[in-house]
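Survey of secondary and tertiary structure
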Amino acid sequence: MSEKYAPEVGDFKKTSQWKTTFRRLCRNRGAVIGMVILFIILMMALFADLLFDYETMVEANNIPERLLAPCWAHPFGTDQFGRDMLARVVHGSRISLAVSASSVTFSLVVGGILGAISGYFGGWVDNIIMRVMDVVMAIPMTMFAIVIVAALGTSTANLILALGIASVPLFARVVRSAVLTVRDTEYIEAARAVGAKNSTIIFKHIVPNCVAPIIVQVTLRMASAIYNTSALSFLGMGVSVPSPEWGALLANGRNFISEYGYLCVIPGLAIMVTILSLNMLGDGLRDALDPRLK
């Protein structure tokens, strides 16, 4: 094999590590179940428009078929306006997943940068950043998000911003702790010795070696973001009506819970199953990526 096409040793090592991690993940029954459930939910969210027409089945009122119990034509029944609950739950998965993914991405980027800077430089920089993070963490996440939404106004963008800011300290602490474990290793000292910039060392040499705890934290924060999104929408401070977000569906059905309990049970089960599957996947990833468990 010519030198041009000869793979590097590091490529084999990296590929082998990810293959080993994936095999260990697949041996975890709970993680596999979580992945399958999440895959089904994700496919429903991606192809929601093909499965159920939004205008006719989610938005349009159909009073003659209002409050129908689950049947063959409407497997999840209909709400007080005759709208199909299955269609609304499927389209609601798109909103819940999009809001949670966006907020987690925001908190990952901001918190990751702050945590990397804090862990790498240490000293007064570390003290200032971590004390600010402690102040934010002292306020319960849901309460902090409510304050931000109340100050900025109710909208999907403000909801994403509120949940993202509330989760920044969690990612900052995870990344900081991971950076502290590798910043004094030999290859980092070698990078400093050859004159590499601090930004290059942080984002090219340190952060890529902190991926494992970050991946686990992302799955767990996704579950928390879905819960908080539903909680704020239930309180009327999340996704605006008439969007079929799961928390909003719970709020709409609470007035009929005594006679038509399925209006609350079905979106509640959607929230529970999604959060449970994310936690199962997160636990499996933690076990698969932890070298002490190999």
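This report concerns the structure included in the present document. Along each chain, numbering runs from 1 in the same order as the chain's sequence is written. Where totals are concerned, whole chains, interfaces and linings use all residues; where local detail is concerned, this predicted model gives features only for residues with pLDDT of at least 70, and gives and counts side-chain atom pairs only at 80 or more. Excluded from the side-chain calculation are hydrogens and water; included are all heavy atoms of the structure.

1. Comments concerning the overall build of the protein
- Secondary structure elements follow DSSP: runs of H or I no shorter than four residues count as helices, runs of E no shorter than two count as strands, and numbering proceeds from the N terminus. When its secondary structure is counted, the protein shows 13 helices and zero strands.
- Taken from the N to the C terminus, the helices and strands of the protein come in the order α-α-α-α-α-α-α-α-α-α-α-α-α.
- Dimensions of the protein along its principal axes, counting C-alpha atoms only, are 75 × 50 × 35 Å.
- Here's how the labels work: a residue is buried when its accessible area is under 20% of the maximum for its type, exposed when over 50%, partly exposed in between, all with a 1.4 Å probe on protein chains only. In the protein, buried positions account for 43% of the 294 residues.

2. A short note on empty space enclosed by the protein
- Using a grid of 1 Å spacing that covers the protein atoms alone, one calls a set of points a cavity when a 1.4 Å probe fits there but cannot get out, and a pocket when the set is open and has protein on both sides within 12 Å along at least five of seven lines; lining residues are those with an atom within 4 Å of a point. Grid points are joined across faces, edges and corners, and a volume is the space filled by probe spheres set on the points. Using the criterion set out here, one finds one cavity of 30 Å³ or more in the structure.
- One number sums up the size of the largest cavity: a volume of about 60 Å³.
- Together, Asp79, Gln80, Arg83, Met85, Arg88, Leu249, Asn252, Gly253 and Leu263 line the largest cavity.
- Mapped by element, the contributors of at least two residues to the lining of the largest cavity are α5 (85-121) and α12 (246-253).
- At three residues, the largest contribution of residues to the lining of the largest cavity is made by α12.
- Here the lining of the largest cavity is composed, by residue class, of three nonpolar, three polar and three charged. We call Asp, Glu, Lys and Arg charged. Ala, Val, Leu, Ile, Met, Phe, Trp, Tyr, Cys and Pro are nonpolar, and the rest, Gly among them, are polar.

3. What about the packing of aromatic side chains?
- The pairing test for Phe, Tyr and Trp rings, Trp by its six-membered ring, is centres within 6.5 Å, and the orientation test on the planes gives stacked under 30 degrees, edge-to-face over 60, and tilted for anything in between. In the structure shown here, the tally under the stated rule is two aromatic pairs.
- Taking 5.0 Å as the distance between ring centres and 85 degrees as the angle between the ring planes, the aromatic pair formed by tyrosine 120 and phenylalanine 121 counts as edge-to-face.
- The buried category is assigned to tyrosine 120, whose relative accessible area is 8%.
- The interplanar angle of 85 degrees and the centroid separation of 6.4 Å between the aromatic rings of tyrosine 260 and tyrosine 262 together place this pair among those described as edge-to-face.
- Here tyrosine 260 falls in the partly exposed class, since its relative accessible area comes to 25%.
- Either the NZ atom of lysine or the CZ atom of arginine qualifies as a charge over a ring when it sits within 6 Å of the ring centre and within 35 degrees of the ring normal. Seen from the ring of phenylalanine 234, arginine 254 lies directly overhead, with NZ or CZ sitting 4.9 Å from the centre.

4. Considerations on unusual backbone geometry
- Positioned with a positive phi, leucine 67 is a non-glycine residue whose angle comes to about 55 degrees.
- Within the fold, leucine 67 resides in the loop between α4 (54-59) and α5.

5. So, the pattern of salt bridges
- Here, a salt bridge means any Lys or Arg side-chain nitrogen found within 4 Å of an Asp or Glu carboxyl oxygen. As enumerated under the stated definition, the model contains seven salt bridges in all.
- Taking the shortest distance from any N to any O, the salt bridge between arginine 94 and aspartate 49 comes out at 3.1 Å. Taken together, the residues span a long stretch of sequence, with arginine 94 in helix α5 and aspartate 49 in helix α3 (residues 48-51) at a distance of 45 residues.
- For arginine 94, a relative accessible area of 29% gives the class partly exposed.
- Given a relative accessible area of 45%, aspartate 49 falls into the partly exposed group.
- The shortest N-O distance in the salt bridge between aspartate 134 and arginine 173 comes to 2.2 Å. Pair noted here: aspartate 134 is in helix α6 (residues 123-137) and arginine 173 is in helix α8 (residues 156-182), with a separation of 39 residues, a long-range link.
- According to the relative accessible area criterion, aspartate 134 is partly exposed, its value standing at 27%.
- The partly exposed category is assigned to arginine 173, whose relative accessible area is 31%.

6. Some remarks on helix α2 (residues 29-46)
- The span you would expect from a helix comes to 1.5 Å times its residue count less one. A rise of 1.5 Å per residue sets the reference length of α2, with its 18 residues, at 26 Å; its end C-alpha atoms lie 26 Å apart and thus fit the reference within 8%.
- For α2, the full list of buried residues reads Ala31, Gly34, Leu38, Ile41 and Ala45. Down the axis, α2 shows its buried residues gathered within 95 degrees of arc, on one side only. Within α2, the exposed residues directed more than 90 degrees away from the buried face are Arg29 and Phe39.
- At the N-terminal end of α2, a side-chain oxygen is found 3.1 Å from the backbone nitrogen of glycine 30, two or three residues along, and the residue is asparagine 28. Directions from the helix axis toward the C-beta atoms define the arc. Any pair of nitrogen or oxygen atoms within 3.5 Å is treated as a polar contact; in protein, a donor-acceptor pairing is required on top of that, and neighbouring residues in sequence qualify only through side-chain atoms on both sides.

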